Amino acid sequence: MKNIDKLIQKAEELQANGLVTRQIADELNVSRDTVTWLLTRSRKEEVPPAPKDISVNWSNIGKSAFRLRHIGIALCDMVVDTMSKTDVEADLIVGIGLSGVPLASLMADELELGLSVYHAYNEQNDETQNRGAFSRNFAGIDGKSCIIVDDVITTGSTMKDVIKHLRSAGAKPIAVAVLVDKSGSETISDVPVNSLVRIVRVD
Ligand SMILES: O=P(O)(O)OC[C@H]1O[C@H](OP(=O)(O)OP(=O)(O)O)[C@H](O)[C@@H]1O
């Protein structure tokens, strides 16, 4: 089966299980436009050209704590390098749930920093609205300098949300660290983005 057919099948399965477009997009690490396209194609309707998008599957890293730890160390190295060019010292790693949290936890351990966790929620009936909160089970963020960790940036909207929440709570987001940045951004809301892989379109 071709990769595209596998994606269509997975999108259909997730839809049948009650997930909305945004959730399917998050699960497949593609944009919402791509999910709409995949589902339209699956119904054999006349389809517009496919959106320009890339599906990221990092499960060969995520399935092994050993691999994840080593990837986390590589990301720490990048972040330390970036931060050595500034006077700012980090206090906290903020992991974005769910997929950013294992990586964030390993990085907090490696850098001997506190660990905070952000739950990204979206409104049930409004796929355009992101809402989120910091978990009370982890470190508080007030006044802290934070490195935000996630697996993938697709549109950047989750990251913008976290940065906004941190600032409004009096914390200072000083760096973003992700495995893959599909937005190709060097900064998001003026915070430098460190990614192991940055995808930049040339067309
Ligand atoms: O840049 P964006 O378009 O905002 O998309 C990126 C976000 O989507 C995924 O999270 P998701 O909400 O699926 O949670 P998950 O970590 O449980 O997969 C991913 O882990 C990022 O947090």
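Quick note: structure is the one above.
It should be emphasised that the depicted structure is a prediction, and the values quoted were computed from it without experimental measurement. (Residues numbered from 1 in each chain as written. Predicted model: local features only at pLDDT ≥ 70, side-chain atom pairs only at ≥ 80, totals over all residues. Heavy atoms only, no water.)

1. Some remarks on helix α5 (residues 65-83)
Part 1: Under the 1.5 Å per step criterion, the end-to-end length of α5 is 26 Å for 19 residues, consistent within 8% with the ideal 27 Å.
Part 2: Of all the residues in α5, the buried ones are L68, G72, L75, C76, V79 and M83. End-on view of α5: buried residues confined to an arc of 115°, all on one side of the axis. α5 presents F66 and D77 as exposed residues on the side facing more than 90 degrees away from its buried surface.
Part 3: Turning to α5, the residues buried within the fold contact α4 (59-62), α6 (101-111), β4 (145-153), β5 (172-181) and β7 (191-198). (Helix = DSSP H or I, 4+ residues; strand = E, 2+ residues; numbered from the N terminus. Expected span 1.5 Å × (residues − 1). Buried < 20%, exposed > 50% of the residue type's maximum accessible area, 1.4 Å probe, protein only. Arc of directions from axis to C-beta. Contact = heavy atoms within 4.5 Å.)

2. Digging into the pairing of β4
Part 1: Buried residues dominate β4, accounting for nine of its nine residues.
Part 2: Taken together, the eight bridges between β4 and β5 define a ladder with parallel strand orientation. Within the sheet, the bridge partner assigned to V149 lies in β5 and is A177.
Part 3: Handedness of the β4-helix α7 (residues 157-168)-β5 crossover: right-handed. (Pairing = 2+ DSSP bridges. Right-handed = clockwise from strand over helix to strand, strands pointing away.)

3. Quick word on the side chain of N194
Part 1: Note on placement: N194 falls in strand β7.
Part 2: According to the relative accessible area criterion, N194 is buried, its value standing at 4%.
Part 3: For N194, the contacting residues outside a window of four places in its chain are L75, M78, V79, T82, A175, V176, A177 and V178.

4. Digging into the pattern of salt bridges
Part 1: Counted under the stated rule, the structure contains four salt bridges.
Part 2: Across the salt bridge formed by E13 and K10, the nearest N and O atoms sit 3.5 Å from each other. One end of the pair, E13, and the other, K10, are both in helix α1 (residues 3-16), three residues apart, so they sit about a helical turn from each other.
Part 3: For the salt bridge of D181 with R198, the shortest nitrogen-to-oxygen distance reads 3.7 Å. Of the two residues, D181 sits in strand β5 while R198 sits in strand β7, which places them 17 residues apart along the sequence. (Salt bridge = Lys/Arg side-chain N within 4 Å of Asp/Glu carboxyl O.)

5. Concerning the site of the ligand
Part 1: Taken together, 14 residues lie near the ligand, and D26, D150, D151, T155 and T158 sit nearest.
Part 2: At a separation of 3.0 Å, an oxygen atom of the ligand approaches a polar backbone atom of L98.
Part 3: Here T154 contributes a backbone N or O atom positioned 2.9 Å from an oxygen atom of the ligand.
Part 4: When the ligand sits alone it has 490 Å² of accessible area, and the protein chains cover 87% of it.
Part 5: Taken atom by atom, the bulk of the ligand overlaps the largest pocket. (Near = heavy atom within 4 Å. Polar contact = N/O pair within 3.5 Å; in protein donor to acceptor, adjacent residues only side chain to side chain. Areas by Shrake-Rupley, 256 points an atom, 1.4 Å probe, with all protein chains shown as cover. 1 Å grid on protein atoms, 1.4 Å probe; cavity = no way out; pocket = protein on both sides within 12 Å on 5 of 7 lines; lining within 4 Å. Sits in = over half its atoms within 2 Å of the grid points.)

6. A closer look at the packing of aromatic side chains
Part 1: Counted under the stated rule, the structure contains one aromatic pair.
Part 2: Centre to centre, the rings of Y118 and F134 are 4.9 Å apart; their planes meet at 65°, and the pair counts as edge-to-face. Of this pair, Y118 sits in strand β2 (residues 114-122) while F134 sits in strand β3 (residues 130-134); the two residues are 16 residues apart in sequence, bridging distant segments of the chain. (Phe/Tyr/Trp six-rings, centres within 6.5 Å; stacked < 30°, edge-to-face > 60°.)

7. Some details on the nonpolar core
Part 1: With 22 residues, the main nonpolar core has I93, L103, M107, I147, V149 and A177 as its most contacted residues.
Part 2: Elements with a contribution of two residues or more to this core: α5, α6, β4 and β5.
Part 3: Setting aside its immediate chain neighbours within four residues, M107 contacts G72, L75, C76, V79, I93, V149 and A177.
Part 4: Membership of the second largest hydrophobic core comes to 18 residues, among which are I96, I148, I163 and L166. (Core = buried A, V, L, I, M, F, W, Y, C linked by side-chain atoms within 4.5 Å.)

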